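Commentary on secondary and tertiary structure
Now for the letters of each chain:
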Amino acid sequence: FNPAAAGMDRMHQVQAFHRDQWDGFERDPKTYLFNYNGYASVAGRTVGIGASFMTEVLGQEQNKFARLSASFHQPIGDNFLSGGVQVGLLSKSLGNSWIAIDPTDPNIPINGISQGGFDMAAGLMFYNPNKYYAGVSATHLPATALSDLGFASARHIYVMGGYNYELPNGLVLRSNALIKTDMKASPAIDINANVLWNNQLWGGLAFRPGDALAPML
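Read on for a plain summary of the structure. (Residues numbered from 1 in each chain as written. Predicted model: local features only at pLDDT ≥ 70, side-chain atom pairs only at ≥ 80, totals over all residues. Heavy atoms only, no water.)

**Brief notes about the overall build of the chain**
Within the chain, the regular secondary structure consists of zero helices and 14 strands. Secondary structure of the chain in N-to-C order comes out as β-β-β-β-β-β-β-β-β-β-β-β-β-β. Counting only C-alpha atoms and orienting by the principal axes, one finds that the chain spans roughly 65 × 40 × 30 Å. By residue count, 29% of the 217 residues in the chain fall in the buried class. Sequence separation of 24 or more characterises 43% of the internal contacts of the chain that already satisfy a separation of 6 or more. Carbon and sulfur atoms provide 61% of the accessible area of the chain, an area that totals close to 13500 Å². (Helix = DSSP H or I, 4+ residues; strand = E, 2+ residues; numbered from the N terminus. Buried < 20%, exposed > 50% of the residue type's maximum accessible area, 1.4 Å probe, protein only. Contact = heavy atoms within 4.5 Å. Areas by Shrake-Rupley, 256 points an atom, 1.4 Å probe, with all protein chains shown as cover.)

**Brief notes about the sheet that holds strand S12 (residues 188-197)**
Taken together, 12 strands build an open sheet; the order of strands is S1-S2-S3-S4-S5-S6-S7-S10-S11-S12-S13-S14 and the sheet is antiparallel. A single partner strand is all that each edge strand has here, and the edge strands are strand S1 (13-20) and strand S14 (212-216). With direction set aside, neighbouring strand axes in the sheet form an average angle of 15 degrees. As paired strands, strand S7 (residues 132-139) and strand S10 (residues 156-167) are joined by eight bridges and run antiparallel to one another. Looking across to S10, one finds that Tyr-133 is bridged to Gly-162. (Pairing = 2+ DSSP bridges. Axes fitted to C-alpha atoms, helices over the stretch in contact; angles between N-to-C directions.)

In structure tokens form, the structure reads like this:
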């Protein structure tokens, strides 16, 4: 959500994720995600580096994203102020195996169709490592229009913050909140809290007002 967070943890992290929903059904939704988050020291300053690749399959529809991020971290006393930029490509494809009420409808693609475009995001983050952070970011800044598909990406604004509370016996209470909006619909709010033990095991709750309460392990 925020390219300014790249390199914030001063670690190199690689994540791979696969989700297969409604397994066994034909054309069931699938998501594939790969993330890298790291840093480098340039002229005595921390520069964050990030990369993200995602493929999402939703029946006849396929969405693909490839993004690269860079951030610069400026010390301010014990804190840091970071600014980041993310650039990338997005593409959307529609297949041709439709079951149409009106087979002559000209809006239904006969041969399948695909189109891509440029994408960009930017953000700021103020933080104290392993203690607290606050940030704001904007994604899909070009609001890329894929005219052949009748689709346009919508700009989104994210506001985030978190705080870690040191507890006895090697426990840390980690809390964070995220507000996201496209400035058209009502903002979505996510509130999370979990307890980390000995930097190894954690569990907690995620809450979205008006929607869901979910345990996390």
